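Fold and contact review
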Amino acid sequence: MAILLKGIMNAKRILLRSSLHANHASEVPKGYFAVYVGESQKKRFTLPVSFLNQPSFQLLLRKAEEEFGFNHPMGGLTLPCREDTFIDIISGLTLS
């Protein structure tokens, strides 16, 4: 239970940072990258580059490559999953 709570708190902290940076849509802070997630309505998230090394996030990247190739409809990295699924995945990732 404590591990789940820690993961949820990490996800909330990341999403809070993401929403703070959403006001400056074209700006991504150093050490972070932007992704778009969602089915019909895409939402922008700003994530730390350390997530790129995480196996579960790499699986999302492979799915994005299969679905979009290098042609992402939002002009940035688009991940093919629902927003709630994405939040579940990043809540299990650790910041390093």
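Source: prediction; values computed, not measured.

Looking now at the overall build of the protein. Regarding its fold elements, the protein presents three helices and three strands. Going from N to C terminus, the protein has its helices and strands arranged as α-β-β-α-β-α. Counting only residues that meet the buried cut, the protein has 32% of its 96 residues in that class. In the protein, the share of contacts with a sequence separation of at least 24, taken over all contacts with a separation of at least 6, comes to 52%. Carbon and sulfur atoms make up 58% of the accessible area of the protein, which amounts to about 6200 Å² in all.

With 15 residues, the main nonpolar core has Val35, Val37, Leu47, Phe57, Leu79 and Phe86 as its most contacted residues. Sorting the residues of this core by element identifies strand E1 (32–37), strand E2 (43–48), helix H2 (55–68) and helix H3 (83–91) as the ones contributing at least two each. No other element matches H2, which puts four residues into this core. Apart from the residues lying within four places of it in its own chain, the contact partners of Leu79 are Val35, Tyr36, Val37, Gly38, Phe57, Leu60, Leu61, Ala64 and Phe86.

Conventions adopted
Residues numbered from 1 in each chain as written. Predicted model: local features only at pLDDT ≥ 70, side-chain atom pairs only at ≥ 80, totals over all residues. Heavy atoms only, no water. Helix = DSSP H or I, 4+ residues; strand = E, 2+ residues; numbered from the N terminus. Buried < 20%, exposed > 50% of the residue type's maximum accessible area, 1.4 Å probe, protein only. Contact = heavy atoms within 4.5 Å. Areas by Shrake-Rupley, 256 points an atom, 1.4 Å probe, with all protein chains shown as cover. Core = buried A, V, L, I, M, F, W, Y, C linked by side-chain atoms within 4.5 Å.

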